[in-house]
Amino acid sequence: MDNKILQLKEQFERELGEIKDLTELEGIRVSYLGKKGSVTGLLKGMKELSNEEKKSFGQHVNELKGAVSQKINDKMAELKEREIQAEIELMPEFDLSMPSNMTRGSYHPITLVQRQCEQIFKSMGFTVEDYSEVVTDYECFESVNIPKNHPARDMQDTYYLENGQLLKSQTSAAQNAILRKYKKSLVEDGVPIKAIFPGRCFRNEATDACHENTFFQMEGMMVDKDISISNLIYFMKTMLSEVFQKDIKVRLRPGFFPFVEPGFELDISCLICGGEGCPSCKHSGWLELCPCGMIHPEVLRMGGIDPEEYTGFAFGLGLTRLVMMKYGIGDIRDLNSGNLKSLSQFNDDE
Ligand code: FA5
């Protein structure tokens, strides 16, 4: 019987030596170690053997089984390595000194102007805050003095989510959180609150040349003792002259927002038509750009700040409209178009 084992071992080694790929190897594995394989088959002839012989024969078959299985594994590793080497040889050679032909990405014009505004305000001591795009009714409305059923809610056609939250319709949604974040340093250390918070806003509006349902605003707030409208006007003027680097015509007129008192509309003379009237300014020659005002006492109170002691201003810059005016883009919808060719032309070499 041991002779049979020896013969099978030699036969296996011969066949293994001729194997060329993993498929053939699998074939040989099945033919020796499978249920109906030759090694398993050896055990069938054991019936005629004495108990003593069975024991030693069984042991030898098991040793053969172990050796065959080990050699198959070794062969598998060798074939896999060979396949990888063959693949590497087929790969084209890389010339690391060759110049890349990939085109460079570019910043969206909104990003460029947002960064510019952030820089301007940072240089005047403002912090830049980030805020969520999904907010609660309390954040977006109640905490800025727009209680449930207040008619001002109709001014912004809001997208509500199934869980009762909503897509931020105005960056004012962050006012309460920012007042709360900095009230301690204001009250205890006398550090004025000076923050801007740019963000994407969503409104279910019919779109036209100056209205999108997704657009950017940049909110700003300053709170301290004795803040007045003159502070507000100073910061608005500085921001606009820095962004445009030239004199531009603006006008301030009364405007109603429940979270400011008094409130203003800051309009910019349309730079698309030079104030003549065009679709971008709805043929009025002026574009509503940056409503603003003195923070309503109720908003300060809800932010944990005593309105008897502190005053502040807030503004809600229409960042996307500012981009239109700065770059002479006549239709706001072009900014969401994804047209890379037109969107990439505003990059200076950063
Ligand atoms: C507000 O959203 C107020 N939260 C702004 C504010 C903040 C006032 C702080 C006072 C104090 P309004 O809905 O007017 O206000 O939007 C502000 C600016 O965002 C507009 O002047 C305009 O420039 C821009 N804007 C509003 N709706 C759109 C729109 N659909 N598409 C593009 N820009 C828009």
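Read on for an overview of the structure.

Cut-off values and rules
- Residues numbered from 1 in each chain as written.
- Predicted model: local features only at pLDDT ≥ 70, side-chain atom pairs only at ≥ 80, totals over all residues.
- Heavy atoms only, no water.
- Axes fitted to C-alpha atoms, helices over the stretch in contact; angles between N-to-C directions.
- Helix = DSSP H or I, 4+ residues; strand = E, 2+ residues; numbered from the N terminus.
- Parallel < 35°, antiparallel > 145°, perpendicular 65-115°, else oblique.
- Contact = heavy atoms within 4.5 Å.
- Expected span 1.5 Å × (residues − 1).
- Buried < 20%, exposed > 50% of the residue type's maximum accessible area, 1.4 Å probe, protein only.
- Arc of directions from axis to C-beta.
- Pairing = 2+ DSSP bridges.
- Near = heavy atom within 4 Å.
- Polar contact = N/O pair within 3.5 Å; in protein donor to acceptor, adjacent residues only side chain to side chain.
- Areas by Shrake-Rupley, 256 points an atom, 1.4 Å probe, with all protein chains shown as cover.

1. Looking at the packing of helix 5 (residues 109-123) against helix 10 (residues 319-327)
Relative to each other, helix 5 and helix 10 sit at 100 degrees, their axes nearing to 9 Å. When the interaxial angle is binned, helix 5 and helix 10 end up roughly perpendicular. From helix 5, Pro 109, Ile 110, Leu 112, Val 113, Gln 114, Gln 116 and Cys 117 reach across to helix 10, where they touch Leu 319, Thr 320, Leu 322, Val 323, Lys 326 and Tyr 327.

2. Things to note about helix 2 (residues 22-33)
With 12 residues, helix 2 should cover 16 Å at 1.5 Å per step; its first-to-last C-alpha distance of 16 Å lies within 8% of that length. Among the residues of helix 2, those classed as buried are Leu 25, Ile 28 and Tyr 32. Taken down its axis, helix 2 places every buried residue within 60 degrees of arc, on the same side. Summarising the contacts, the buried residues of helix 2 are in contact with helix 1 (2-18), helix 3 (38-42) and helix 4 (51-90).

3. Considering the pairing of strand 7 (residues 260-269)
Within strand 7, 8 of the 10 residues are buried, leaving the element largely enclosed by the surrounding structure. Sheet topology places strand 6 (residues 250-254) next to strand 7; 5 bridges connect them, and they run antiparallel. The residue bridging Pro 254 from the neighbouring strand is Phe 264, located in strand 7. In this structure, the hairpin formed by strand 6 and strand 7 is closed by a connection of 5 residues. Of the strand pairs in this sheet, strand 7 and strand 9 (residues 292-295) are connected by 3 bridges, and their pairing is antiparallel. Following the sheet pairing, Val 260 is matched in strand 9 by Ile 295. As paired elements, strand 7 and strand 8 (residues 286-288) share 3 bridges and run antiparallel to each other. The residue of strand 8 that forms the bridge with Asp 267 is Glu 288.

4. Points about the site of the ligand
Neighbouring residues of the ligand: 25 residues in total, closest Gln 170, Ser 172, Arg 203, Glu 212 and Gln 217. Between the ligand and the protein, one listed contact pairs a nitrogen atom with a side-chain N or O atom of Glu 205 at 3.4 Å. Contacts to the ligand include Glu 212, whose backbone N or O atom sits 2.8 Å from a nitrogen atom. A total of 670 Å² of accessible area belongs to the ligand in isolation, and the protein chains cover 95% of it. Counting only elements with at least two residues in the shell around the ligand, the list comes to strand 5 (214-224) and strand 10 (311-318). In terms of residue count, the dominant contributor to the shell around the ligand is strand 10 (4 residues).

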